[in-house]
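Residues per chain, in single letters:
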Amino acid sequence: MRASGTGASGSGRVADDDPAPTARKPIEVVVVMGAAAVAALLCVVIVDVDALTGMAFDGRPPGYGGVPWSYLVGLTCIVFAAWFALARHNAPTYGPTGPRVSTAWAVAGWFTPTLCLVLPLIALVDTLAGTRARGTAPSRLPRPARRLLGAWWAVWLALWAAVFVSVRTLRSADERGLGSTTACYASYAVLHVLSAVAALGMAGYVAYVTGVQFKRRAEPVREPVPTPPPGRRVGVLTGLALTGALLGIYAVNAAAGHVVVDQQHPLAAVWAAPGHTPRDLYGAP
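These numbers were taken from a predicted model, which means no experiment stands behind them.

Enquirer: Give a description of the overall build of the chain that names residues and reports values.
Expert: Of the regular secondary structure elements, the chain holds 8 helices and 0 strands. Traced from its N-terminal end to its C-terminal end, the chain shows the element sequence α-α-α-α-α-α-α-α. Counting across all 285 residues of the chain, residues that qualify as buried make up 45%. Of all intrachain contacts in the chain linking residues separated by at least 6 positions in sequence, the fraction that spans at least 24 positions is 82%.

Listed below in structure tokens is the structure:
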């Protein structure tokens, strides 16, 4: 991955070998994959709600059904990535807004360590801006849209911090023979709440972008205006944001190891129903 400079292309996009698309992917495929992505995301929400209600009302141990949740999230990521590649390819053809990230990195960034903390957010903004772009000037998202995307990204990062914390908490409780403790219930409750919010937010994003692209399907393909190269200040701020997000996740995980694992809450006996015993990572029926 490399950012183009001020040479012949002067595009400022990630990867110089990502030419502006001259044709769109079939909108029917975008709609089908968008519907599949929305359906998968809503299934994640259903599993999250089931886990929360099971822990709250049925005394279900935290982590029960964790394997189906992880498999479902993995499948959802694959379906979403397929839709995102199509939508990202089509986005620059609706208006003059040039993307800052190539299509390949817009998708791969979700699965690349460290880069996944920043790169996908840039791709999400570019895809939405390109889909909405009109006229002759590069599109600028309204402030409410930028705030919503920023809030969703904060929830997404918090979700993966919660995954690390909940797995560590349950493993520690199992190793110590503590069974289902308050910390286990609390960490998994936070995980599923954040998962449901993130899934609902992304379902809304997929539905909106797909709907706009479908409405504009008959418009002619436009050549995007090259995006100016990012300045040094942008690079420094991006690096600081990346470092801060990475350190924040590790700090939360380390703090959890001391606060919610080492310092067991006295109400654990109330939270853990009698008969709960040490279990494996995801639990058994």
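Enquirer: Just give me the short version of the packing of helix α4 (residues 119-132) against helix α6 (residues 182-215), but keep the residues and values in it.
Expert: Axis separation between α4 and α6 bottoms out at 9 Å; the angle between their running directions is 30°. Taken together, the axes of α4 and α6 lie roughly parallel to each other. Judged by the twist between their axes, the crossing of α4 over α6 is left-handed. Together, Leu124, Thr127, Leu128, Thr131 and Arg132 of α4 and Met202, Tyr205, Tyr208, Val209, Val212 and Gln213 of α6 make up the contact between the two elements. Along the lines of polarity and charge, the residues of the contact of α4 with α6 split into 7 nonpolar, 3 polar and 1 charged.

Enquirer: Which residues make up the side chain of histidine 192, and what values go with them?
Expert: Tracing the chain through its elements places histidine 192 in helix α6. Looking at histidine 192, its side chain comes within polar contact range of the side chain of aspartate 48, at 2.8 Å. Residue contacts for histidine 192: discarding those within four places in its chain leaves Asp48, Ala51, Leu52, Met55 and Trp69.

Enquirer: Describe the pattern of salt bridges, and please don't skip the residues or the numbers.
Expert: When the charged atoms of two side chains lie near each other, side chains of opposite charge can form a pair. Considering all chains together, one arrives at 1 salt bridge under this definition. The salt bridge involving glutamate 219 is made with arginine 216; its shortest N-O contact spans 2.9 Å.

Enquirer: Tell me what's going on with the nonpolar core, and back it up with residues and numbers.
Expert: With 56 residues, the main nonpolar core has Trp83, Phe84 and Tyr205 as its most contacted residues. Those elements that place two or more of their residues in this core are α1 (27-57), α2 (66-90), α3 (103-108), α4, α5 (143-176) and α6. Contacts of tryptophan 83, omitting those with residues within four sequence positions, involve Val30, Met33, Gly34, Tyr205, Val206, Val209 and Thr210.

Enquirer: I'd like a description of the confidence of the model for the chain, backed by residues and values.
Expert: When the pLDDT values of the chain are averaged, the result is 75; 64% of them are 70 or greater. Counted against residues more than four places away or in other chains, residues 1-17, with its pLDDT under 50, gives 42 contacts. In the model, residues 265-285 has pLDDT below 50 throughout and makes 42 contacts with residues more than four positions away in sequence or in other chains.

Enquirer: Report on the packing of aromatic side chains, specifying residues and quantitative values.
Expert: In the structure shown here, the tally under the stated rule is 12 aromatic pairs. For the pair phenylalanine 84 and tryptophan 110, a centre-to-centre distance of 6.1 Å together with 90° between the ring planes defines the contact as edge-to-face. Separated by 26 residues along the polypeptide, phenylalanine 84 in helix α2 and tryptophan 110 in the loop between α3 and α4 bring together distant segments of the chain. Tryptophan 110 shares its class with phenylalanine 84; the two are buried. Relative to tryptophan 160, the ring of tryptophan 156 has its centre 5.6 Å away and its plane inclined at 80°; by these criteria the two rings are edge-to-face. Placement of the pair is tryptophan 156 and tryptophan 160 together in helix α5, with a separation of 4 residues, close to one helical turn. Each residue in the set Phe80, Trp83, Phe84, Trp110, Trp152, Trp153, Trp156, Trp160 and Tyr205 is aromatic and connected to the rest through ring pairs, giving one cluster. In this structure, arginine 24 packs its charged tip against the face of tyrosine 94, placed 4.1 Å from the ring centre. It is arginine 217 that lies over the ring of phenylalanine 214; its NZ or CZ is 4.0 Å from the centre.

Enquirer: Quick one: what's the story with α4, residue by residue and with numbers?
Expert: Along its 14 residues, α4 runs 20 Å from first to last C-alpha, staying within 8% of the 20 Å computed at 1.5 Å per residue. Where burial is concerned, most of α4 is hidden: 10 out of the 14 residues are buried. Listed in full, the buried residues belonging to α4 are Leu119, Pro120, Ala123, Leu124, Asp126, Thr127, Leu128, Ala129, Gly130 and Thr131.

Enquirer: Any details on the packing of α1 against α6? Residues and values, ideally.
Expert: Packing of α1 against α6 brings their axes to within 8 Å, and their N-to-C directions diverge by 160°. When the interaxial angle is binned, α1 and α6 end up roughly antiparallel. Of the two elements, α1 crosses α6, and the hand of that crossing is left-handed. A breakdown of the residues in the contact of α1 with α6 according to their chemical character gives 24 nonpolar, 5 polar and 1 charged.

Enquirer: If you had to explain the environment of proline 96 to someone new, which residues and values would you point to?
Expert: Residue position: proline 96 is located in the loop between α2 and α3. On the basis of relative accessibility, which here comes to 6%, the residue proline 96 falls in the buried class. Along the chain, proline 96 and arginine 222 lie 126 residues apart, while their C-alpha atoms are 6.7 Å from each other.

Reading the values: rules and limits
- Here the residue index of a chain counts from 1 through its sequence in written order.
- Totals for whole chains, interfaces and linings use all residues, but because this is a predicted model, local features are given only for residues with pLDDT of at least 70 and pairs of side-chain atoms are given and counted only at 80 or more.
- Side-chain metrics in this entry use all non-hydrogen atoms of the structure; hydrogen atoms and water are not considered.
- Note on conventions: DSSP H or I runs of at least 4 residues are helices, E runs of at least 2 residues are strands, and numbering of each starts at the N terminus.
- Partly exposed residues are those whose accessible area sits between 20% and 50% of the maximum for their type, while under 20% is buried and over 50% is exposed, using a 1.4 Å probe and protein chains only.
- Residue contacts follow a heavy-atom distance rule, with two residues in contact if any of their heavy atoms lie within 4.5 Å.
- Axis lines are fitted to C-alpha atoms, over the contacting stretch for helices. Their N-to-C directions set the angle, which ranges from 0 to 180 degrees.
- Reported orientations rely on four angle classes, namely roughly parallel under 35 degrees, roughly antiparallel over 145, roughly perpendicular from 65 to 115, and oblique for the rest.
- We call a crossing left-handed when the near helix sits turned anticlockwise from the far one by less than a right angle, and right-handed when that turn is clockwise.
- In this classification, Asp, Glu, Lys and Arg are treated as charged, Ala, Val, Leu, Ile, Met, Phe, Trp, Tyr, Cys and Pro as nonpolar, and every other residue, Gly included, as polar.
- Contacts described as polar in this section are N or O atom pairs within 3.5 Å, which, within protein, must combine one atom able to donate a hydrogen with one able to accept it, while residues neighboring in sequence count only if both atoms come from side chains.
- Here, a salt bridge means any side-chain nitrogen of Lys or Arg that lies within 4 Å of a carboxyl oxygen of Asp or Glu.
- Take the buried residues of types Ala, Val, Leu, Ile, Met, Phe, Trp, Tyr and Cys, join any two whose side-chain atoms come within 4.5 Å, and each joined set is a nonpolar core.
- As a per-residue quantity, pLDDT reports the predictor's confidence and falls between 0 and 100.
- The aromatic pairing rule takes the rings of Phe, Tyr and Trp, using the six-membered ring of Trp, and pairs them if the centres are within 6.5 Å, calling planes under 30 degrees apart stacked, those over 60 edge-to-face and the rest tilted.
- The rule for a charge over a ring is simple: NZ of Lys or CZ of Arg within 6 Å of the ring centre, and within 35 degrees of the ring normal.
- Each residue after the first adds 1.5 Å to the expected span of a helix.

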